[in-house]
Amino acid sequence: MNRARFTLALPDEPALLDRLVTALAVQEDPPITVGRSATAVLAFECDTWDGMLRSRVVQALEVALGPDWQQIARPLDT
């Protein structure tokens with residue numbers, strides 16, 4: 001299976017980033033890795049298909065940031 005990648009721009013707030021990483025860590029396998037590719041850009045990768053990765057990241061965003069996460073995080077991938 002190919003590795004899926006999804007990139008978001010987020011505010012550079014350590015508490016916010018910690019909540020998001022924690023929300024991802026409690027999800028089922030396969031694990032999602034989080035890498036910082038710029039000051040406030042996070043890249044999420046997982047051995048799954050793109051749609052599943054995006055769905056899992058959005059679920060984590062809703063847990064970490066609330067239902068208005070789209071006002072805080074901006075997807076960079078189309």
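Residues numbered from 1 in each chain as written. Predicted model: local features only at pLDDT ≥ 70, side-chain atom pairs only at ≥ 80, totals over all residues. Heavy atoms only, no water.

Chemist: Go over the overall build of the protein with me, naming the residues and quoting the values.
Modeler: Secondary structure summary: the protein contains 2 helices and 4 strands in total. When the helices and strands of the protein are listed from N to C terminus, the series reads β-α-β-β-α-β. Against the 2.2 N^0.38 benchmark of 12 Å for 78 residues, the protein shows a C-alpha radius of gyration of 11 Å, consistent with a compact globule. Dimensions of the protein along its principal axes, counting C-alpha atoms only, are 35 × 25 × 20 Å. Considering the protein as a whole, with its 78 residues, one finds that 37% of them fall into the buried category. Restricting to contacts in the protein with at least 6 residues of sequence separation, those with at least 24 account for 68%. For the protein, the exposed surface amounts to about 4,700 Å²; the carbon and sulfur share of it is 52%. Treating the 7 positive side-chain charges of the protein as one cloud and the 11 negative ones as another, the clouds have centres 4 Å apart. (Helix = DSSP H or I, 4+ residues; strand = E, 2+ residues; numbered from the N terminus. Rg over C-alpha atoms; globule rule 2.2 N^0.38 Å. Buried < 20%, exposed > 50% of the residue type's maximum accessible area, 1.4 Å probe, protein only. Contact = heavy atoms within 4.5 Å. Areas by Shrake-Rupley, 256 points an atom, 1.4 Å probe, with all protein chains shown as cover. Lys, Arg positive; Asp, Glu negative; His and termini not counted. Charge placed at Lys NZ, Arg CZ, Asp CG, Glu CD.)

Chemist: Got a sec to walk through the nonpolar core? Specific residues and values, please.
Modeler: If you look at the biggest cluster of nonpolar residues, it comprises 21 residues, and the most contacted ones within it are Leu 10, Leu 20, Phe 44 and Val 57. Sorting the residues of this core by element identifies β1 (4-9), α1 (14-25), β3 (41-46) and α2 (50-65) as the ones contributing at least two each. Excluding its chain neighbours within four sequence positions, the residues that come into contact with Leu 20 are Leu 10, Leu 42, Phe 44, Ala 60, Leu 61 and Ala 64. (Core = buried A, V, L, I, M, F, W, Y, C linked by side-chain atoms within 4.5 Å.)

Chemist: Please provide a residue-by-residue account of the packing of α1 against α2, values included.
Modeler: At a minimum axis distance of 8 Å, the contact between α1 and α2 shows a crossing angle of 130 degrees. Comparing the axis directions of α1 and α2 gives the class oblique. For the pair α1 and α2, the crossing hand works out as right-handed. On α2, the residues touching Leu 16, Arg 19, Leu 20, Ala 23 and Leu 24 of α1 are Arg 56, Val 57, Ala 60, Leu 61, Val 63, Ala 64 and Leu 65. Here the contact of α1 with α2 is built from residues that sort into 10 nonpolar, no polar and 2 charged. (Axes fitted to C-alpha atoms, helices over the stretch in contact; angles between N-to-C directions. Parallel < 35°, antiparallel > 145°, perpendicular 65-115°, else oblique. Left-handed = near helix turned anticlockwise from the far one by under 90°. Nonpolar A, V, L, I, M, F, W, Y, C, P; charged D, E, K, R; others polar.)

Chemist: Lay out the side chain of Arg 56 in plain terms, naming residues and giving numbers.
Modeler: By secondary structure assignment, the location of Arg 56 is in helix α2. Salt bridges are absent for the buried Arg 56, whose nearest opposite-charge side chain, Asp 29, sits at 6.5 Å. At a separation of 2.8 Å, a polar atom in the side chain of Arg 56 contacts the side chain of Gln 27. Those residues in contact with Arg 56 that lie beyond four places of it in its chain are Leu 24, Gln 27, Glu 28, Asp 29, Pro 30, Ile 32 and Cys 46. (Salt bridge = Lys/Arg side-chain N within 4 Å of Asp/Glu carboxyl O. Polar contact = N/O pair within 3.5 Å; in protein donor to acceptor, adjacent residues only side chain to side chain.)

Coordinates in, geometry out; function isn't part of it.
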